[in-house]
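Tertiary structure, described
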Amino acid sequence: MSLEQKLAASERLLREIAAAHPDAALANSYGAEDMVLTDLIARLGLPLASFSLDTGRLPAETYALMQQVAERYPSHPVTVYFPDTAATEQYVNLHGVNGFYRSVELRKSCCQIRKIAPLKRALAGRSAWITGLRREQSPTRQDLAAREHDADNGLMKFNPLLDWTEAEVWQYLRERDVPYNALHDRHYPSIGCAPCTRAISVGEDIRAGRWWWENPETKECGLHVKASPLTRPA
Ligand code: SF4
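Residues numbered from 1 in each chain as written. Predicted model: local features only at pLDDT ≥ 70, side-chain atom pairs only at ≥ 80, totals over all residues. Heavy atoms only, no water.

1. Thoughts on the overall build of the protein
The criterion, for reference: Runs of E in the DSSP output that reach at least two residues are strands. Runs of H or I that reach at least four are helices, and both are numbered from the N terminus. For this measure, only C-alpha atoms enter the radius of gyration; the expected value for a globule follows 2.2 Å times N^0.38, where N is the number of residues. The rule is simple: take the accessible area with a 1.4 Å probe, protein chains only, and divide by the maximum for that residue type; under 20% is buried, over 50% is exposed, in between is partly exposed.
Scanning the protein from N- to C-terminus turns up 6 helices and 6 strands. Along the protein, helices (α) and strands (β) appear in the sequence α-β-α-β-α-β-α-α-β-β-β-α when read from the amino end. Taking 2.2 N^0.38 as the reference for a compact globule, 234 residues should give roughly 17 Å; the C-alpha atoms of the protein span a radius of gyration of 17 Å, in line with that estimate. For the protein, buried positions account for 52% of its 234 residues.

In structure tokens, the structure reads:
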């Protein structure tokens, strides 16, 4: 399928979502894919909300992009959700400010406080959410569908860029001069919190820079876990 065809399919899906789920929101983590979706939603003039999770540990480049996006798309503001103050203080005072390096459990509990709990608040009362997940991004994303029921969060989840390649994402961004995270130009294909993201080398997997000290199978923060009776990472 050509990029034009994929683009048309993504636009169709976004229009469909806006019609069927006017309360749907884009989860904007300011990655390259989210910038494509942000631009598409604004360009199509769809009344879809956007939200972002500020973990308090984001790189300076992501904050710079947040400001840039707010200025570029004033008609589509992004609502920011922060972690609970008491839970964050308790974690840091108990485990240390970088306690997440000590074990997968401590990493996941940090993600729980800084990402999952705020995500639950962002999704509360909505019937659907939209993500920029792509199938080729990670071994844990192979069996995703463009439309799926997110049983964990109790709402529909749409992934309009599921079949786009990384090259197609960049073609879209460059052709339309869409702003993107400056870290992408420094070999960070996947960007999360500053202490948990590093640059990758030529030939490395695109998610290799996220939680690089863990096995590939555990490398999800829990934002995109599919309800499964099996052993998907939490
Ligand atoms: S990515 Fe790292 S700093 Fe961010 S919430 Fe997860 S463990 Fe904490």
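2. Details of the nonpolar core
Filter applied, for reference: To qualify as a nonpolar core, a set must consist of buried Ala, Val, Leu, Ile, Met, Phe, Trp, Tyr and Cys residues joined through side-chain atoms within 4.5 Å. In this description, contact between two residues means that some pair of their heavy atoms is separated by no more than 4.5 Å.
Ranked by internal contacts, the top residues of the largest apolar core, which has 34 residues, are Leu 14, Leu 48, Ile 130 and Leu 173. When residues of this core are traced back to their parent elements, those giving at least two are helix H1 (3-20), helix H2 (32-44), helix H3 (60-72), strand E4 (128-130) and helix H6 (166-175). If we skip the residues at most four places from it in the chain, Ile 130 touches Leu 14, Ile 17, Ala 24, Ala 25, Leu 26, Ala 27, Leu 37, Leu 48, Phe 158 and Pro 160. One finds Ala 27, Phe 51, Leu 123 and Leu 155 within the second-largest nonpolar core, a separate group that totals 12 residues.

3. Description of the sheet that holds strand E6 (residues 155-158)
Each strand in a sheet pairs with its neighbour through backbone hydrogen bonds, running either in the same direction (parallel) or in the opposite one (antiparallel). Under the convention used in this document: Two strands pair under a simple rule: DSSP has to find at least two bridges between them. Axis lines are fitted through C-alpha atoms, for helices just across the contact stretch, and the angle between N-to-C directions can take any value from 0 to 180 degrees.
The strand order E3-E2-E1-E4-E6-E5 describes an open sheet built from 6 strands, whose pairing is mixed. The sheet is open, and its two edges are formed by strand E3 (78-81) and strand E5 (147-150), each paired on a single side. Taking each pair of neighbouring strands and ignoring which way they run, the sheet shows an average axis angle of 30°. Alignment of strand E1 (residues 25-27) against strand E2 (residues 49-53), held across 3 bridges, turns out to be parallel. What sits directly across from Ala 27, in E2, is Phe 51.

4. A word on the side chain of Ser 190
With respect to the helices and strands, Ser 190 occurs in the segment after H6. Under the relative-accessibility criterion, Ser 190 is labelled buried at 12%. The residues touching Ser 190, leaving out its near neighbours within four places in the chain, are Thr 197, Ile 206, Arg 207 and Arg 210.

5. Here's the deal with H3
Worth spelling out the cut-off: Every helix has an expected span of 1.5 Å times one less than the residues it contains.
For H3, built from 13 residues, the straight-helix expectation of 18 Å at 1.5 Å per residue is met to within 8% by its first-to-last C-alpha distance of 18 Å. The secondary structure elements touched by the buried residues of H3 are H2, E2 and E3.

6. Some points on the packing of H2 against H6
Helix-helix packing is characterised by the crossing angle of the two axes and by the distance between the axes. Inclusion rule: Note on terminology: angles under 35 degrees are roughly parallel, angles over 145 are roughly antiparallel, angles of 65 to 115 are roughly perpendicular, and the others are oblique. The hand of a helix crossing depends on one turn: near helix anticlockwise from the far one by less than a right angle means left-handed, and clockwise means right-handed. Residue polarity follows a fixed list, in which Ala, Val, Leu, Ile, Met, Phe, Trp, Tyr, Cys and Pro are nonpolar, Asp, Glu, Lys and Arg are charged, and the others, Gly among them, are polar.
With their axes 10 Å apart at the nearest point, H2 and H6 run at an angle of 50° to one another. Taken together, the axes of H2 and H6 are oblique relative to one another. By crossing handedness, the relation of H2 to H6 is classed as left-handed. Across the interface between the two elements, Ala 32, Glu 33, Met 35, Val 36, Asp 39, Leu 40 and Arg 43 from H2 touch Val 169, Trp 170, Tyr 172 and Leu 173 from H6. For the contact of H2 with H6, the residue count by class is 8 nonpolar, no polar and 3 charged.

7. Focus: the confidence of the model for the protein
Selection criterion: For every residue, the pLDDT score states the predictor's confidence, bounded by 0 at the bottom and 100 at the top.
Looking at the protein, pLDDT values average 90 and 93% of them are 70 or higher. Predicted confidence is poor over residues 227-234, with pLDDT under 50, and the contacts of this stretch with residues over four places away or in other chains come to 15 contacts.

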